[in-house]
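An overview of the molecular structure
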Amino acid sequence: MRIYLYFITVLIVSCLSAQIVDDSTKLVYGPETTTFTSEFNLVNNIESYQPVDTSIYLFERQSYVDQTGRKFQSLGNFGTALFPIFYTPQDQIGRTSGFNAYDRYAYQLSDVKYYDTKSPFIELLVYLGGGNRNIVDIGFSRNVNENWNLGFDIRKITTNKQLAPENQTDRQVIGSSFVGYTHYKHSSIPYQVLANYSSMSHKVVELGGARPTSDSLRTDFFLFDNALVRLDEAQAIVKTARFHLYQDLQIADQFQLYHTFDYRKESNIYKDFAGGSTADGYNTYNDFYDQFLIDTDSTQERSVFTSVSNEAGLKGDLSSVFYRFYARLRAVDFNYLLYDPGGKTVEKYLGGYVRFDWKDKFAVSGNAQFLVGGEYQLGGDISSDLINVSYTSKKYRVPFVYLNYFGNHHEWHNDFSSVFSNELKGQLNLDFKHFDIRPKVKLAAYNNFIYFDQEIEPQQASDGALISSLGGDFNLRFLNSKGEGWHLENEVLVTNVSGGASQFVRLPDVWYNGRYFWRGKWFDDLVPVEFGVDAHARSAYYGNAYAPEIQQFYLQDEQEIFGYAAANLFVNMKVDKFFFSLKWTHFNQPQDDGYFATPNYPGQPKAIDLIIRWMFFD
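Bear in mind that the values here come from a model prediction, so they are computed numbers and not experimental data.

Tallying secondary structure elements over the protein gives four helices and 36 strands in all. Over its C-alpha trace the protein gives a radius of gyration of 25 Å, about what one expects of a compact globule, namely 25 Å for 618 residues. Along the longest, intermediate and shortest principal axes, the C-alpha atoms of the protein span 80 × 60 × 50 Å. Scored against the burial criterion, the 618 residues of the protein give a buried share of 50%. Counted over contacts in the protein with a minimum sequence separation of 6, partners at least 24 positions apart contribute 63%. Accessible area for the protein stands at about 28,300 Å²; split by element, carbon and sulfur atoms hold 56% of it.

In this structure, Ala327 sits in strand E14 (residues 321-336). Judged by its relative accessible area of 37%, Ala327 falls in the partly exposed class. C-alpha of Ala327 to C-alpha of Glu311: the two residues are 16 residues apart in sequence and 5.7 Å apart in space. Apart from the residues within four sequence positions on either side, Ala327 is in contact with Asn310, Glu311, Ala312, Tyr349 and Leu350.

Tyr87, Tyr102, Phe449 and Tyr546 are the most contacted members of the largest nonpolar core, which totals 99 residues. In this structure, Tyr102 is in contact with Gly79, Thr80, Ala81, Met200, His202, Val204, Glu206, Val238, Tyr546 and Gln551, ignoring residues within four places of it in sequence. Core analysis: the next-biggest nonpolar cluster, separate from the first, contains seven residues, Leu231, Tyr270, Tyr285 and Phe288 among them.

Turning our eyes to something else, we now look at unusual backbone geometry. The residue Asp592 is not glycine, and still its phi comes out positive at about 55 degrees. In this fold, Asp592 is placed in the loop between strand E33 (578-585) and strand E34 (596-598). Non-glycine residue Asn600 carries a positive phi angle of around 75 degrees.

The next subject is the environment of Pro51. Within the fold, Pro51 resides in strand E2 (residues 50-51). In this structure Pro51 comes out as partly exposed when scored by relative accessible area, which is 44%. A C-alpha to C-alpha distance of 47 Å links Pro51 and Ala227, two positions 176 residues apart in sequence.

Further remarks concern the layout of surface pockets. Estimated volume of the second largest pocket: approximately 830 Å³. Taken together, 29 residues form the lining of the second largest pocket, with Arg230, Phe288, Tyr554, Glu558 and Asn600 sitting closest to its centre. Top contributing element to the lining of the second largest pocket by residue count: strand E30 (residues 545-547), with three residues. Taken together, the residues of the lining of the second largest pocket sort by class into 13 nonpolar, eight polar and eight charged.

Conventions and cut-offs
Residue numbers restart at each chain and count upward from 1, following the sequence in its written direction. Only residues with pLDDT of at least 70 are given local features in this predicted model, and only at 80 or more are side-chain atom pairs given and counted; all residues enter the totals for whole chains, interfaces and linings. In computing side-chain values, all of the structure's heavy atoms are included and hydrogens and water are not. Each helix corresponds to a stretch of at least 4 residues labelled H or I by DSSP, and each strand to a stretch of at least 2 residues labelled E; elements are numbered beginning at the N terminus. To get the radius of gyration, use the C-alpha atoms; to get the globule rule, take the number of residues to the power 0.38 and multiply by 2.2 Å. Summary of the burial criterion: residues with accessible area below 20% of their type's maximum are buried, those above 50% are exposed, and those between are partly exposed, where the area comes from a 1.4 Å probe applied to protein chains only. By definition in these notes, contact holds between two residues if any of their heavy atoms fall within 4.5 Å. Per-residue accessibility takes into account occlusion by the displayed protein chains alone, with areas from the Shrake-Rupley method and a 1.4 Å probe. In this description, a nonpolar core means a group of buried Ala, Val, Leu, Ile, Met, Phe, Trp, Tyr and Cys residues linked to one another through side-chain atoms lying within 4.5 Å. The way it works is a 1 Å grid over only the protein atoms, where trapped points that fit a 1.4 Å probe form a cavity and open points with protein on both sides within 12 Å along at least five of seven lines form a pocket, and then any residue with an atom within 4 Å of a point lines it. Grid points are joined across faces, edges and corners, and a volume is the space filled by probe spheres set on the points. Residue classes follow a fixed rule: Ala, Val, Leu, Ile, Met, Phe, Trp, Tyr, Cys and Pro count as nonpolar, while Asp, Glu, Lys and Arg count as charged, and any other residue, Gly among them, counts as polar.

Here it is in structure tokens:
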């Protein structure tokens, strides 16, 4: 933390001593002169810098679940464990830890923006949610000179317990994430380098879910402040650290050498201690776990995963065709507190990427990656104004946690085969004056599918599963001559799971997002405004339950996540560089009722949320 404070102090002091000015010495700063790009663009020679976002569209969606279009299930509170509702194959075809319930609260490589600023740029976002659900995000970036930029971003999540809080400051989640980054281009040599360091410390009090006093009383799950919970002393602590570097050097008009280095370490800790019994005789330690293999009085679990990767390659542009070919070495290690599963290994990769662009109207790309041992990834996509189609085929290694585990409450040792997946996605883009239609289809086939069964044991299906989704977006507009008026936006997905392993894939048959709002300007057309309703609904299904002691979601047949529609009222507005949102979250919640985010975990109750964002360019 001292390093962070020192780094932040140096940057802020430096911003007071210099600004970039134009030829007339007039200050040049604002959203239009503050642009950014991504590592993906730089690696693949896509010359695309875009200005910072100044739109109020979707500004009320600032939690991770909201930002992903409610395609993740949580435990009903900010900062809790996450699981994708619609199954997706893992990105890495090599070995991973498998402990990823909290990964998305850390800064990912794709989250890092590399800016080009004409003045110091500061961005502040504050989310003050009802029930003491808070998010604070502070970003800073500045150009040291025209060829060198550096900056940082800090995010803090603090949330109170929504179930059985002892007082008004009874925290459930305290999480902090940091990323510092820099991008430098040499003034005379065709060389550039970018680097970033990110870390996360995320502490969660695990409650185990609401505990009803009777199996027949549904209202027991929605008592919130007066609820009974299944765990009392349990805590999960997740820490990550990552350093990433990319550099390239142009050696000829069509040839560039590049190198990428990546180091990542993650540790997952879980601890719980035996407590007394409650008034109704329930013991929040002995009655929660099925077995005790090490200690009947306390639980201490820990896993540590590290990976070090070096990638070197050749890339370049040949007219309208871009190519990139590379070789990669990746060393991984994994162990538990009381057990070493022999997780040290070195993985060797070969891969490539090719893209063809035609006048910014049509693009075709393909990629291939091969891992010594038989795993691979093949993919391609076609994109245009009218159609988007992509295909991905993967064979990837099973994460460590599915293969070997030994802790206080679980033990297994498996020899699973690599997972195979095929995914085909397509979308049409049909735009008309008063409405847009985006038909979508997705077919995903899995073989050797891995999952945790009803006994919280890892399994591998011998049969295949086919997930078929059909739906899309249908958006209506009723606008006046000034472009102001009502927007009715709808997103629907209808999903079917077939095949011999379909019983192991639990998805809602119908999934829906809707946003109905008025957009225009108030106060002599100076203040952009949006107000309306943001709704989400899904059909009933037996969603996966959560086992906090191993941070994994697993199959269950006891509690159906019943069909429900939750809606938020919101108003968004912007005054110059100040953004404001007031939201009545889940305003349609009935008395002593609601919906389940995950079995035994009720979703967010009714609350008033305030969100502000402020940008400074001087």
